[in-house]
Amino acid sequence: MNSAEQAPALEDCLKLLKGERDEQRLAGLFLATKFCSGDDHGSIRRIYDAVGDRFLDRLLMSGIGKATAGAKEVDNQDAYLQLSVTVLAAVCRVPEIASSKYMISKVPVILEILSKGVVSTIYEECYEFLFLVSTASEEGLTKFYDSGCINALASSMDSLPDGSHSFEISVKLLQLVLAKLPPETIYTKYPSELTCMVAVIAKQFALLHNALKFELLHLLTAILSSNYAAPVHNSFRLMLNESWTTYMRVGIVAVLQNRVVSAEKLQALILADSVISIAGVNWLIDQNKLLDDSGILPLPADRCLLLVLESSRVEIAVLLNEISCMKYEENQSVRGEIIRLKLRNLAVAFSLIEKVIKLISNVCGDEEADAGSPITESTLGKVFAGLTETIGVVLEFLQDAKDHGQRKGDDLIASVRVIGSYLAETPFACKEKIHNLLEYMLSVEGEDEPSPFFSICFLLPMLCQITMDIEGCKMLASFGGHNSVMECLVQMIGFTSTGVDSSTIFMACDTIMNLLLKREDTEIQFDGSIQVLLLSALASWTENTNDQSIIMMASTICSLIFDSTSEEALMNHPNVGRTILNKLSQLIVRSMATYGQDMSDDGKADADLHQIISERYNGWAERFPKIKKTLQLMKQ
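Quantities reported herein were computed from a predicted structural model and do not represent experimental measurements. (Residues numbered from 1 in each chain as written. Predicted model: local features only at pLDDT ≥ 70, side-chain atom pairs only at ≥ 80, totals over all residues. Heavy atoms only, no water.)

Attention now goes to the overall build of the chain. Helices and strands together make up the secondary structure of the chain, namely 34 helices and 0 strands. Counting over 636 residues, the chain shows a buried share of 50%. Sequence separation of 24 or more characterises 73% of the internal contacts of the chain that already satisfy a separation of 6 or more. About 29500 Å² of surface is accessible on the chain, with carbon and sulfur atoms providing 50% of the total. (Helix = DSSP H or I, 4+ residues; strand = E, 2+ residues; numbered from the N terminus. Buried < 20%, exposed > 50% of the residue type's maximum accessible area, 1.4 Å probe, protein only. Contact = heavy atoms within 4.5 Å. Areas by Shrake-Rupley, 256 points an atom, 1.4 Å probe, with all protein chains shown as cover.)

Structure (structure tokens):
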């Protein structure tokens, strides 16, 4: 319709809208929808002024079954609802109208329509109205999230057609809410609602192959990688339907295997890291088939694993090179937000490498499931080769830092951690490089850490294994690393414990025990003051526990340390005294007295420790008369 034809038609529409009878106004509104479909704000403004808020309000209330008291029930309720919402969405294309008090007051009504699922054919107009009003003014946005928008979006999003315009608008509304509300509020108050929406978005993320796919990628990443997302993660773990994880995998694989900019691949890696944190490392090789009619074909078993590994390896190589240049070659003024962002991205890539290592460890360690494992020997070979190459790159990064005298930094501590994860599975890999860098790695500290405590913890699985051999003990002791491990153990079990798990403490105990058992063969010299501190820590650690494993391990270490000291020396030491010595005596007595009472597998495993305690006791008993006397009384 050209402008010459449009003018008379618009005037006819306006006359109807200003008519005295409702029938005239309804006819005018049906005609008005033709003039409100474009961006002619002038015509839209005239139409809105002609119809007025009062008639629109009566029409909307009739449409939702809330007609004015005394009015007769209408026969065309759905049609009135359709018309009123269509007109409301159309006239709100004019920002001044969308920001008016009347339109803002209708936000709760439209949200109610969505929540109840009334006439699903008008979802698009409902979403459009809400989006226009919420973006037109701060008051409109405030009314939107104050009126239960999260519940309405969660209850209606699943009903939207795949890839529809209404779904796209619903996503924009969710983005508005996430940008407006404090994250600690939305994640704490609406975890189940967010979970439902993420599951719906994940399906669209898998199905779509247009620009919206990447918008959904960013939205999913923002929700699941938030520092406040723990309640949502927990909500997902309780879901019985796991199809969302399959949709996530399909979408992430599509991004990683296609030629997209590196920034989008990085987003996909961040999302993958979050999904694995929820679903576990087997997500990388799960073969769950979708039961719906999406038409998505199952992926090859190793596709996701190899893509995530390779993409993470590329990111690590690039990021470590860029970080090195910024730290050691460029002007220090470049440091700041740029390098902080690179460090955050590096942490994600490292996290994924560690998850791949854990997956491979699980697969290789599960002999029963080995025959049915989706990971073939060929895939394992590719994974090991890729991991080994990347660990080599990380070791070179640490060597560069060592050469520049750098021992403090979150990038360095993260590098030590990923190397520790790798060496926990292959302790003798990269042997020469590890030997040259071990002293340095055991001295690395995080940016805000006062000691290399965590570096030692990360390397303990490897240290525990290499100290089973004399050669490994000598390598660690060559630079005093054995004393560093002992100091670390003291810190773990002392009063200032940093919250490490029990398995890490036991690995430190095993490492110390390995070193003490081979002390004579290797001529290792232990720092006497550190040994005393360890004895005091062990005494306090075991005083109020009934855990037989803790008692036996601590008693074994004490018995081995007693080889090189005496009761008199400890009594006279300022950090021991009679109280600590009494606790140590009770510890030895308890370990000797309880042996043989526990016939469980753990109890049988303590037999070797009991043998060590008994054999060593014969060597130092005369130098510890109090313990000897206590044991003799026990046997009587």
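The structure having been displayed, the exposition proceeds.
With that settled, the discussion passes to unusual backbone geometry. Its identity is not glycine, yet Cys430 carries a phi of approximately 50°, on the positive side. Structurally, Cys430 is set in the loop between helix H21 (410–425) and helix H22 (431–441). Overall, Cys430 belongs to the partly exposed group, its relative accessible area being 25%. Positioned with a positive phi, Glu523 is a non-glycine residue whose angle comes to about 60°. With relative accessibility at 64%, the residue Glu523 sits in the exposed group.

For the structure shown, the criterion picks out 9 aromatic pairs. Ring centres of Phe453 and Phe454 lie 5.1 Å apart, and the angle between their planes is 80°; this geometry places the pair in the edge-to-face category. Exposure remark for Phe453: the relative accessible area of 3% places this residue in the buried category. With relative accessibility at 28%, the residue Phe454 sits in the partly exposed group. Here the aromatic rings of Tyr617 and Trp620 are separated by 5.3 Å at their centres, their planes lie at 85°, and the arrangement is edge-to-face. Of the two residues, Tyr617 and Trp620 both sit in helix H33 (residues 607–620), 3 residues apart, roughly one turn of that helix. Here Tyr617 falls in the buried class, since its relative accessible area comes to 11%. Residue classification places Trp620 among the buried positions, given a relative accessible area of 0%. Among the aromatic residues, ring-to-ring pairing joins Phe562, Tyr617, Trp620 and Phe624 into one connected group. Positioned above the aromatic ring of Phe205, the side-chain terminus of Lys213 is 5.2 Å from the ring centre. (Phe/Tyr/Trp six-rings, centres within 6.5 Å; stacked < 30°, edge-to-face > 60°. Lys NZ or Arg CZ within 6 Å of the ring centre and 35° of its normal.)

Scanning all chains against the criterion turns up 17 salt bridges. Among the ionic pairs, Glu396 bridges to Lys433, the shortest N-O distance being 4.0 Å. Here Glu396 is found in helix H20 (residues 377–403), whereas its partner Lys433 is found in helix H22, with 37 residues between them in sequence. Put simply, Glu622 and Lys628 hold a salt bridge, and the shortest N to O gap is 2.4 Å. (Salt bridge = Lys/Arg side-chain N within 4 Å of Asp/Glu carboxyl O.)

Now for the packing of H20 against H21. Where H20 meets H21, the closest approach of the two axes is 10 Å, and the angle between their N-to-C directions is 145°. Crossing geometry of H20 relative to H21 is assigned as left-handed. Across the interface between the two elements, Leu387, Thr388, Ile391, Val394, Leu395, Phe397, Leu398 and Ala401 from H20 touch Asp411, Leu412, Ser415, Val416, Val418, Ile419 and Tyr422 from H21. By residue class, the composition of the contact of H20 with H21 is 12 nonpolar, 2 polar and 1 charged. (Axes fitted to C-alpha atoms, helices over the stretch in contact; angles between N-to-C directions. Left-handed = near helix turned anticlockwise from the far one by under 90°. Nonpolar A, V, L, I, M, F, W, Y, C, P; charged D, E, K, R; others polar.)

When the terminal C-alpha atoms of helix H4 (residues 77–91) are compared, their 21 Å separation across 15 residues agrees well with the 21 Å that a helix rising 1.5 Å per residue should span. Those residues of H4 that fall on the buried side of the exposure criterion are Tyr80, Leu81, Leu83, Ser84, Val85, Val87, Leu88, Ala89, Ala90 and Val91. (Expected span 1.5 Å × (residues − 1).)

This brings us to the environment of Ala152. Mapped onto the elements, Ala152 comes out in helix H10 (residues 149–156). Beyond its immediate chain neighbours, meaning those up to four positions away, Ala152 contacts Leu111, Leu114 and Ser115.

Below, the discussion takes up the layout of surface pockets. Think of a ball as big as a water molecule: rolled over the atoms, this probe shows where empty space is left. Looking at the largest pocket, its volume works out to about 1200 Å³. If you trace the largest pocket, you find 45 residues lining it, with Glu354, Ala414, Arg417, Ser421 and Phe458 closest to the centre. The dominant element in the lining of the largest pocket, judged by the number of residues it contributes, is helix H19 (residues 337–365), at 14 residues. When its residues are assigned to classes, the lining of the largest pocket shows 19 nonpolar, 12 polar and 14 charged. (1 Å grid on protein atoms, 1.4 Å probe; cavity = no way out; pocket = protein on both sides within 12 Å on 5 of 7 lines; lining within 4 Å. Points joined across faces, edges and corners; volume = space filled by probe spheres on them.)

Three or more residues of helix H9 (residues 138–146) are buried, namely Gly140, Leu141 and Phe144. Relative to the axis of H9, the buried residues are bounded by an arc of 95° and lie together on one face. In H9, the exposed positions angled more than 90 degrees off the buried face are occupied by Glu139 and Asp146. Contacts from the buried residues of H9 go to helix H6 (101–105), helix H7 (107–116), helix H8 (123–136), H10 and helix H11 (165–180). One or two steps after H9, the chain reaches Gly148, where phi turns positive at roughly 80°. (Arc of directions from axis to C-beta.)

Glancing now at the packing of H8 against H9. For the pair H8 and H9, interaxial distance at closest approach is 5 Å and the crossing angle is 130°. When the axis of H8 is compared with that of H9, the two are oblique. Here H8 contributes Leu130, Val133 and Ser134 to the contact with H9, which in turn contributes Gly140, Leu141 and Phe144. For the contact of H8 with H9, the per-class residue count stands at 4 nonpolar, 2 polar and no charged. (Parallel < 35°, antiparallel > 145°, perpendicular 65-115°, else oblique.)

This next bit is on the side chain of Ser443. Within the secondary structure, Ser443 is located in the loop between H22 and helix H23 (453–466). A distance of 2.6 Å separates a polar atom in the side chain of Ser443 from the backbone oxygen of Tyr440. Other than its neighbours up to four places away in sequence, Ser443 contacts Arg407 and Pro452. (Polar contact = N/O pair within 3.5 Å; in protein donor to acceptor, adjacent residues only side chain to side chain.)

Looking now at the state of the cysteines. All chains considered together, the criterion is met by 0 disulfides. With no disulfide of its own, Cys488 lies 3.9 Å from the sulfur of Cys457, the closest cysteine sulfur. Cysteine Cys558 is unpaired, with the sulfur of Cys509 as its nearest cysteine sulfur at 9.8 Å. On the accessibility criterion, Cys558 (1% relative accessible area) is buried. (Disulfide = S-S within 2.5 Å.)

Read these as geometric descriptors, not functional statements.
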